[in-house]
Amino acid sequence: MKGRLPILIIIPHGGQRVPDELSGLEVIDRFNLFIESDTCANELFAFENEVISKIDTQISRLFVDLDRSPLSTTQRSYDGVLKRETITGKKIYRDGVFPDEIAMTNILKRYYFPLHKSIERIINKGEIKFIIDCHTMLAVGAKNSVDSGKPRPLIIIENIVKHNEKDIKTCTDELALGFLECMKTFFSEEDATVAGRFNLNNNLFNPYILKKYGLGSIPMLRFSISRSLFLNDTYFSYDYLRIDDIRISELRKMIWKGIEKFSYKYL
């Protein structure tokens, strides 16, 4: 633990695996499992040797969304902790197939609650000084997104959630803007084929994890980075569903330099 920064990294959407209990019931193919995840998030934020704690999952968000309330199972077909279709409108399961309440309960017990209990245990140890909820995002809003068809920024930082109809900050604006400025230092030279480059609080997402853990005593923010940086003709092979490892390594180093600079300046 010596030398590691007092930060908790949470990566809720980087997985692409179908849970064993649901294997064979899905119609979603390998390409869409790849695209509908936070593609490469597990690799880009793999700082388990640099920070005190990192939490991620190999299970696809399409089957168990760790960034949704466990009570939100049937609100919208493309949202909630269990979903019927993807954010781009594709069916996830075969016709007439969807987990019943018993199956839902068992899936949540196996894949959902253990991760959240792990987060709570880590927080309760008292070693963490900052929490970062890490995501990669599509360069353009998908069919069922609130910004459908609209280009997104290169990086979005969020430190505001809705609580009792009010906007509540999960960390001070000084910390959020400081984090954004540190990322600008290392990403300002990147080509931006998106709307703007660096933005604070675009209100595009439904950040349950940010709300659940960001209203406590530890400052927290949500960090989303555009897949336009690597999911393109230069670095991505559509035939093999593979992204250039060197590019991912470069981006991971840039992200870490930003986190490191922020930590030394503010934590």
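Residues numbered from 1 in each chain as written. Predicted model: local features only at pLDDT ≥ 70, side-chain atom pairs only at ≥ 80, totals over all residues. Heavy atoms only, no water.

J.: Just to check I follow, could you spell out the overall build of the chain for this structure?
T.: Scanning the chain from N- to C-terminus turns up 6 helices and 10 strands. Radius of gyration (C-alpha) of the chain: 18 Å, near the 18 Å computed for a compact globule of 267 residues. In terms of its C-alpha atoms, the chain occupies a principal-axis envelope of roughly 55 × 45 × 40 Å. For the chain, the residues scored as buried account for 52% of the 267 residues in total. Sequence-distant contacts in the chain: of pairs separated by 6 or more residues, those separated by 24 or more amount to 75%. As displayed, the chain offers around 12,800 Å² of accessible surface, 48% of which is attributable to carbon and sulfur atoms. Of note, the chain has its 38 positive side-chain charges centred 3 Å away from the centre of its 36 negative side-chain charges. (Helix = DSSP H or I, 4+ residues; strand = E, 2+ residues; numbered from the N terminus. Rg over C-alpha atoms; globule rule 2.2 N^0.38 Å. Buried < 20%, exposed > 50% of the residue type's maximum accessible area, 1.4 Å probe, protein only. Contact = heavy atoms within 4.5 Å. Areas by Shrake-Rupley, 256 points an atom, 1.4 Å probe, with all protein chains shown as cover. Lys, Arg positive; Asp, Glu negative; His and termini not counted. Charge placed at Lys NZ, Arg CZ, Asp CG, Glu CD.)

J.: I would appreciate a short explanation of helix α4 (residues 173-187) in the present structure.
T.: Within an α-helix, residues lying three or four positions from one another point in the same direction, as the helix has 3.6 residues per turn. If you check α4, its first and last C-alpha atoms are 20 Å apart, about what 15 residues at 1.5 Å a residue would give, namely 21 Å. Three or more residues of α4 are buried, namely L175, A176, G178, F179, L180, C182, M183 and F187. Residues of α4 that are buried in the fold lie against β3 (130-137), β4 (155-158), β7 (198-200), β8 (220-226) and α6 (245-266). (Expected span 1.5 Å × (residues − 1).)

J.: Please explain the nonpolar core as it appears in this structure.
T.: Side chains of a nonpolar character, in soluble globular proteins, are inclined to be buried together. If you look at the biggest cluster of nonpolar residues, it comprises 43 residues, and the most contacted ones within it are I9, F45, I132, F187, F223, I255 and I259. Membership of the second largest hydrophobic core comes to 36 residues, among which are I10, L62, F98 and I218. (Core = buried A, V, L, I, M, F, W, Y, C linked by side-chain atoms within 4.5 Å.)

J.: How should I be thinking about the pattern of salt bridges in this particular structure?
T.: Side-chain pairing between opposite charges can occur once the charged atoms of the two side chains come close. Here the structure, examined in full by the defined rule, presents 23 salt bridges. Where R110 meets E21, a salt bridge forms, and the shortest distance between an N and an O atom there is 2.8 Å. Of this pair, R110 sits in helix α3 (residues 101-124) while E21 is found in the loop between β1 (5-11) and α1 (30-36), placing the two residues 89 residues apart along the sequence. In this structure, R242 engages D245 in a salt bridge whose closest nitrogen and oxygen atoms are separated by 2.6 Å. One continuous salt-bridge network, built from bridges that share partners, spans D38, R61, D65, R68, D79, K83 and R227. (Salt bridge = Lys/Arg side-chain N within 4 Å of Asp/Glu carboxyl O.)

J.: Just to check I follow, could you spell out unusual backbone geometry for this structure?
T.: Glycine aside, residues mostly have negative phi angles, and peptide bonds mostly take the trans form. Phi at C40 is positive, roughly 70°, even though this residue is not glycine. Looking at the secondary structure, you find C40 in the loop between α1 and α2 (41-44). Here C40 falls in the buried class, since its relative accessible area comes to 9%. One non-glycine residue with positive phi stands out, namely L241, at about 50°. As for its placement among the helices and strands, L241 is situated in the loop between β9 (236-237) and β10 (242-243).

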